[in-house]
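Now for the letters of each chain:
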Amino acid sequence: GQNIDQPTEMTATEGAIVQINCTYQTSGFNGLFWYQQHAGEAPTFLSYNVLDGLEEKGRFSSFLSRSKGYSYLLLKELQMKDSASYLCAVRDQNAGNMLTFGGGTRLMVKP
Amino acid sequence: DSGVTQTPKHLITATGQRVTLRCSPRSGDLSVYWYQQSLDQGLQFLIQYYNGEERAKGNILERFSAQQFPDLHSELNLSSLELGDSALYFCASSVSEINTDTQYFGPGTRLTVL
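Described in the following lines is the structure provided in the data block. Residue positions are given per chain, counting from 1 as you read along its sequence in written order. Written order decides the labels, with chains lettered from A and ligands numbered from 1. The predicted origin of the model limits local features to residues at a pLDDT of at least 70 and limits the giving and counting of side-chain atom pairs to 80 or more, whereas totals for whole chains, interfaces and linings rest on all residues. With hydrogens and water excluded, all non-hydrogen atoms of the structure serve as input to the side-chain values.

Side note on the interface of chain B and chain A
Then comes step 1: Contacts are residue-level and defined by heavy atoms, with any inter-residue pair within 4.5 Å sufficient. Opposite the 19 residues of chain B that make contact, chain A presents 16 residues.
Then comes step 2: As used here, buried area is the combined drop in accessible area, with a 1.4 Å probe, of two parts when they are placed together. Note on chain B versus chain A: buried area summed over both sides is about 1,400 Å², and carbon and sulfur give 59% of it.
Then comes step 3: The term salt bridge refers to a side-chain nitrogen of Lys or Arg lying within 4 Å of a carboxyl oxygen of Asp or Glu. Along the contact surface separating chain B from chain A lie zero salt bridges.
Then comes step 4: Polar contacts, as used here, are pairs of N or O atoms within 3.5 Å; protein pairs need one atom able to donate a hydrogen and one able to accept it. Residues neighboring in sequence count only if both atoms are side-chain atoms. For the pair chain B and chain A, the number of links is three residue pairs in polar contact (both at pLDDT 80 or more).
Then comes step 5: Where helices and strands are cited, they refer to DSSP runs of H or I of at least four residues and of E of at least two residues respectively, numbered from the N terminus. Of all the secondary structure elements, the ones that give two or more residues to the side of chain B that touches chain A are strand 4 (31–38), strand 5 (42–50), strand 9 (87–94) and strand 10 (104–105) of chain B.
Then comes step 6: By residue number, the principal contributor to the side of chain B that touches chain A is strand 5 of chain B, which donates three residues.
Then comes step 7: Here the nonpolar group is Ala, Val, Leu, Ile, Met, Phe, Trp, Tyr, Cys and Pro; Asp, Glu, Lys and Arg are the charged ones; every other residue, Gly included, is treated as polar. Taken together, the residues of the side of chain B that touches chain A break down into 10 nonpolar, seven polar and two charged.

Written out as structure tokens, the structure is:
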């Protein structure tokens, strides 16, 4: 099986930078996704990492270290609208390449 | 807007009843996935269809079933409903069956079982 851990909640200030960590254990790692989900709405795709390193997309960046089973999502210049849950999801080729989601990190951005 | 549509948006029903949730994938996507999201369980994969055929099963109860039709829309059938089935049900779609594609999620159906 898979084990995905993320902090349950984080709080940050508007304009600041926040890093949301995700650790995972999987036998056949085949990619890691980050999704953003506002309460009661659909998860929306943010980023995908399959190789080690940093992927940057505007204010959002995602980093992966496969040897450490670790990823983080970095959000810069935080805006109030960034208040949402951030879901880390891992694809395991030994599990039919299905996505397994972590419990999500609820980020609250304060003025 | 992801391009994935789901109906209905909300559904309220009683225990023991049966409901059908509908999903239309993004144009060009052949794979459809169903997920359940409840407050205490997070997002759980239920089942995947590709071009009309079942491809993978996750934590789907025997009371639940799904199918994908020739026009690629999919339906998730939930029967003998229990209070614990109250949740958000999401459909997602991707281009192919090989599961290395990004999945795009629909707006979800909120099911309340009373």
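There is more to say after this.
A look at the state of the cysteines
Then comes step 1: By disulfide we mean two sulfur atoms from cysteines, separated by a distance within 2.5 Å. Within the structure shown, the criterion is met by two disulfides over all chains.
Then comes step 2: In this model Cys22(A) forms its disulfide with Cys88(A); the gap between the sulfur atoms is 2.0 Å. Torsion about the S-S bond of the Cys22(A) and Cys88(A) cystine: about -65°, corresponding to left-handed handedness. Here Cys22(A) is found in strand 3 (residues 18–25), whereas its partner Cys88(A) is found in strand 9 (residues 84–92), with 66 residues between them in sequence. Cys88(A) matches Cys22(A) in its accessibility class, with the two residues each being buried.
Then comes step 3: Between the sulfur atoms of Cys23(B) and its disulfide mate Cys91(B) the distance is 1.8 Å. Around the S-S axis, the bridge from Cys23(B) to Cys91(B) shows a dihedral of about -45° and counts as left-handed. Burial classification: accessible surface area is computed with a 1.4 Å probe over protein chains only, and a residue below 20% of its type maximum counts as buried, one above 50% as exposed, and the rest as partly exposed.

Quick word on the environment of Gln44(B)
Residues and elements named next belong to chain B.
Then comes step 1: Counting through the fold element by element, Gln44 comes out in strand 5.
Then comes step 2: Between the alpha carbons of Gln44 and Leu21 there is a distance of 16 Å; along the sequence they are 23 residues apart.
Then comes step 3: Those residues in contact with Gln44 that sit more than four places away from it in its chain are Trp34, Tyr35, Gln36 and Asn59.
Then comes step 4: For Gln44, the side chain forms a polar contact with the side chain of Asn59, separated by 2.9 Å.

Some thoughts on the nonpolar core
Nonpolar side chains in soluble globular proteins generally cluster together in the buried interior.
Then comes step 1: Definition of nonpolar core: a set of buried residues of the types Ala, Val, Leu, Ile, Met, Phe, Trp, Tyr and Cys, connected through side-chain atoms within 4.5 Å. Judged by nonpolar contacts, the single largest core of 21 residues is most densely connected at Tyr24(A), Leu32(A), Trp34(A), Leu75(A), Leu78(A), Tyr86(A) and Leu107(A).
Then comes step 2: Listing elements by their share of this core, those giving two or more residues are strand 3, strand 4 (29–37), strand 7 (60–65), strand 8 (70–75), strand 9 and strand 11 (105–110) of chain A.
Then comes step 3: In this structure Leu75(A) touches Ala16(A), Ile17(A), Val18(A), Ile20(A), Arg59(A), Phe60(A), Asp82(A), Tyr86(A) and Leu107(A), once residues within four positions along its chain are discounted.
Then comes step 4: Counting residues in hydrophobic clusters, the runner-up holds 20 residues, among them Phe64(B), Leu78(B), Cys91(B) and Val113(B).

Some thoughts on the packing of aromatic side chains
Here a ring pair, both rings aromatic, is described through the centre-centre distance and the interplanar angle of the planes.
Then comes step 1: Note on aromatic pairs: the rings of Phe, Tyr and Trp (six-membered ring only in Trp) are paired at centre separations within 6.5 Å, and the planes decide the class, stacked below 30 degrees, edge-to-face beyond 60, tilted for the rest. With the rule as written, the count across this model stands at 17 aromatic pairs over all chains.
Then comes step 2: Look at Phe45(A) and Tyr104(B): their rings are 6.3 Å apart centre to centre, the planes differ by 65°, and that puts the pair in the edge-to-face class. Of this pair, Phe45(A) sits in strand 5 (residues 44–49) while Tyr104(B) sits in strand 10, placing the two residues on different chains.
Then comes step 3: For Phe45(A), a relative accessible area of 23% translates into the label partly exposed.

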